[in-house]
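# Observations on the model geometry
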Amino acid sequence: MGALWPWAGTPAQTPSEATLESTAPALPRVDDVLKVPPIRLLNGQDFQHERQPLLLYWWSSTCPFCALQSPSMQALWLSQKSRGLRMLALSIDKKPEDAQAYLLKRGYTFPSAWASPEWRKQFPKPKGLPVTLLMNSQHKVLLAEKGQMFAEDVEAIARLF
């Protein structure tokens, strides 16, 4: 059985990721105010949430639902950044190199950071994956979704800010 099913008997998540997910908070509610701590992007630049609308998108290179949603997130980023939308895609991959390779292979240019377990102690990822949050310029949550969003739902985010 091991030769046919090489993944049989191996956990889908590392114990630390499974622990983080089991203790993850629920989605924030609309109108909650969130403070996103500074984080370094995968390109080496520092990211700080300023007084602009911010789209947060938690994803992983191993998440099939993220793979389906990410092209729509890229399209939204390209079409709305000139309107002032800031985006922060937060990878929960085991290593930042996994996230970088995934983004490069697919040509995604949206701003991305590796949300290390240490960083997530300051700003925990809500339960589920992918997770999409939209905050206004006052850091107030306008949209909170977990699970895959369809392309038309991602496009509709542009009407919310």
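Residues numbered from 1 in each chain as written. Predicted model: local features only at pLDDT ≥ 70, side-chain atom pairs only at ≥ 80, totals over all residues. Heavy atoms only, no water.

### Details of unusual backbone geometry
We count it as follows: Here a helix means four or more residues in a row that DSSP labels H or I, a strand means two or more in a row labelled E, and each is numbered from the N terminus.
For the bond from L129 to P130, the omega torsion is -10 degrees, close enough to zero to count as cis. Counting through the fold element by element, P130 comes out in the loop between α4 (117-122) and β6 (131-135). Even without a glycine there, the phi angle at D31 is positive, about 85 degrees. Relative to the helices and strands, D31 resides in the loop between α1 (15-22) and β1 (39-40). With phi around 70 degrees, H139 is a residue other than glycine that occupies positive phi space.

### Let's talk about the pattern of salt bridges
In plain terms, the rule: By convention in these notes, a salt bridge is any Lys or Arg side-chain nitrogen within 4 Å of a carboxyl oxygen on Asp or Glu. In this scheme, a residue with accessible area under 20% of its type's maximum is buried, one over 50% is exposed, and one in between is partly exposed, where area comes from a 1.4 Å probe on protein chains only.
Scanning all chains against the criterion turns up 2 salt bridges. Among the salt bridges present, the one from D46 reaches R40, with a minimum N-O distance of 2.9 Å. Residue class for D46 comes out exposed when judged on its relative accessible area of 56%. For R40, a relative accessible area of 52% corresponds to the exposed category.

### Comments concerning the sheet that holds strand β4 (residues 86-91)
To keep it simple, the criterion reads: Strands qualify as paired when DSSP identifies two bridges or more between them. Lines fitted to C-alpha atoms define the axes here, with helix axes fitted over just the stretch in contact, and angles between the N-to-C directions of these axes take values from 0 to 180 degrees.
The 5 strands lie next to each other as β5-β4-β3-β6-β7, forming an open sheet whose pairing is mixed. If you trace the sheet from one side to the other, it starts and ends with β5 (112-114) and β7 (141-146), each paired once. Ignoring which end each strand starts from, the neighbouring axes of this sheet average 15 degrees apart. Two elements, strand β3 (residues 54-59) and β6, share 5 bridges in a ladder whose sense is antiparallel. Paired with W58 across the two strands is V131, which belongs to β6.

### Looking at a negative patch on the surface
Note the cut-off: In this scheme, patches are assembled from residues that exceed 30% relative accessible area and form no salt bridge. Like charges are connected within 9 Å, while nonpolar side chains (Val, Leu, Ile, Met, Phe, Trp, Tyr) are connected within 5 Å. Using a 1.4 Å probe, accessible areas were evaluated by the Shrake-Rupley method; residue-level cover was limited to the displayed protein chains. We count Lys and Arg on the positive side and Asp and Glu on the negative side, and we leave His and both chain ends out. A charged residue contributes its charge at one atom only: NZ of Lys, CZ of Arg, CG of Asp or CD of Glu.
Together, E145, E152, D153 and E155 give the surface a local cluster of negative charge. Summarising the element assignment, E145 is placed in strand β7. By relative accessible area, which is 33% here, E145 ends up partly exposed.

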